[in-house]
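Chain by chain, the residues run as shown.
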Amino acid sequence: MKIEIVGSFLPSDTLYEARNDFNKGIIDSSSLKNAEDEAVAELVERQLNLGLAQVTSGELRRNHWDKDFWFGLTGISVERLETGRIYQNVESGSDLMRVSGRIGFNPAHPFFDDMRFLKSRVGSRAVCLQCIPSPCDMYLEILLQRDDELQKIYPVREGLLHDIATAYNLTLHELYGVGCRSVQFDDTACGRLCQDNFTKRLLQGGFDLIALHSDFISLLNDSFAGLPRDMETSLYLSGGDMIVPEWEYIEYPDNIMPKVLRGVNADKFYLPLELGNDYQLEILRHLPQGKKAVLGLVNAHSPFPEPLEMIHHAAALGARYVSPENLSVSPRTGFKLTDHIDRGLTYESQWQKLSELKASMSQELIQG
């Protein structure tokens, strides 16, 4: 059984120091870029040495897992927290995203140069994978802002949905043109709609949950529409801060996950799961035949190893619903984490985790 990655990696100590020096004004942007290039080049070789079929740049150049992509689109502006103009009670990091005009494709988006560099280092040795925050997360974040200015730009939600999907779709086509052959949407919006506390807040705010379900699925499908056949599309379904969504396979109107697995035109789905919770794997019942599933079974945010027998058990259960050739295992999340030092994680911790996972899958095949 294959192993895969979610996409993000902890930076090396060298890059970590270079970024700190840049923030302090000790080095300039050119020196920082050189440090990033060297770090990505090293990352590529480490991934290839593990035998990974798909390789990423590890999100090493990003400040935010999501907003760096959104800031690169037209119609989006950045507002610093220091201004004091905070309109909603959300965790925003250091920057806020604001809609300042109609959202659109930006041919000068910085992700294109990142992909060009990745492709130059990978060549034909592996597939270049680009991870992008889900359009559903962007849509939900904008809706939650309740900005009066937004109503002037988008008086009806259909216009907002159309522009987000079009901007994403054109971006994916351009990524294909510069060498990307696999794209992954990192989604927390669908997973958050599995949480009772979050959905209650939405209902109290006047949101129509069933309409949101429909909007999300349409956004994903419209963003993926018309891509070349040799560009694989993936959807990583996270629960946000909880990481693992509250998986519930029974169909009822408020349960978005069966709708997503059946209705989204993605080739592959990354599903973070809790080891030992066999019930969560029942969600695979809704995955159409021929679709790929990646079971997130390893805690990327802990330096401690997982029990191999539990990984093997979960993989065996998953194979009851998904054919083995379409089933892979991966870490539950990416490795990049702000408080990694407090958790006892180092640059080498992530490679140890992946090596252990690879070895465990080899052992599982031998035993099988």
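Residues numbered from 1 in each chain as written. Predicted model: local features only at pLDDT ≥ 70, side-chain atom pairs only at ≥ 80, totals over all residues. Heavy atoms only, no water.

**Student:** Before we go on, may I ask you to explain the overall build of the protein in this structure?
**Tutor:** A count of helices and strands for the protein gives 13 helices and 10 strands. In terms of C-alpha radius of gyration, the protein reaches 20 Å, essentially the compact-globule figure of 21 Å for 368 residues. Along the first, second and third principal axes, the C-alpha atoms of the protein reach 60 × 55 × 40 Å. Among the 368 residues that make up the protein, the fraction classed as buried is 55%. Partitioning the contacts of the protein with sequence separation of at least 6, the portion at a separation of at least 24 is 78%. With an accessible surface of roughly 16,500 Å², the protein has 50% of that area assigned to carbon and sulfur atoms. (Helix = DSSP H or I, 4+ residues; strand = E, 2+ residues; numbered from the N terminus. Rg over C-alpha atoms; globule rule 2.2 N^0.38 Å. Buried < 20%, exposed > 50% of the residue type's maximum accessible area, 1.4 Å probe, protein only. Contact = heavy atoms within 4.5 Å. Areas by Shrake-Rupley, 256 points an atom, 1.4 Å probe, with all protein chains shown as cover.)

**Student:** What is the right way to look at the nonpolar core in this model?
**Tutor:** Note on soluble globular proteins: their nonpolar side chains tend to be buried together. Counting residues in each nonpolar core, the largest one holds 106 residues, and the members touching the most others are Ile103, Met138, Phe216, Leu237 and Phe269. The element that contributes the greatest number of residues to this core is helix α7 (residues 157-177), accounting for 9 residues. (Core = buried A, V, L, I, M, F, W, Y, C linked by side-chain atoms within 4.5 Å.)

**Student:** Whenever I open this one, unusual backbone geometry confuses me. Can you help?
**Tutor:** Generally, phi is negative for residues other than glycine and the peptide bonds are trans, each holding for most cases. Positive phi is not limited to glycine here, since Glu59 has a value of about 60°. The phi dihedral of Ile243 falls on the positive side, at around 70°, and the residue is not glycine. Summarising the element assignment, Ile243 is placed in the loop between β7 (232-237) and α11 (256-263).

**Student:** Explain the pattern of salt bridges here, please?
**Tutor:** Once the charged atoms of two side chains with opposite charge are near each other, the side chains can pair. As enumerated under the stated definition, the model contains 22 salt bridges in all. For Arg61, the salt bridge goes to Asp37, with nearest N and O atoms at 2.9 Å. Of the two residues, Arg61 is situated in the loop between β2 (54-55) and α3 (67-71) and Asp37 in helix α2 (residues 29-49); the sequence distance between them amounts to 24 residues. A relative accessible area of 13% means that Asp37 is categorised as buried. Look at the salt bridges and you will find they share partners, linking Arg19, Lys33, Glu36, Asp37, Arg61 and Asp114 into a network. (Salt bridge = Lys/Arg side-chain N within 4 Å of Asp/Glu carboxyl O.)

By themselves, these observations are geometric and do not establish any function.
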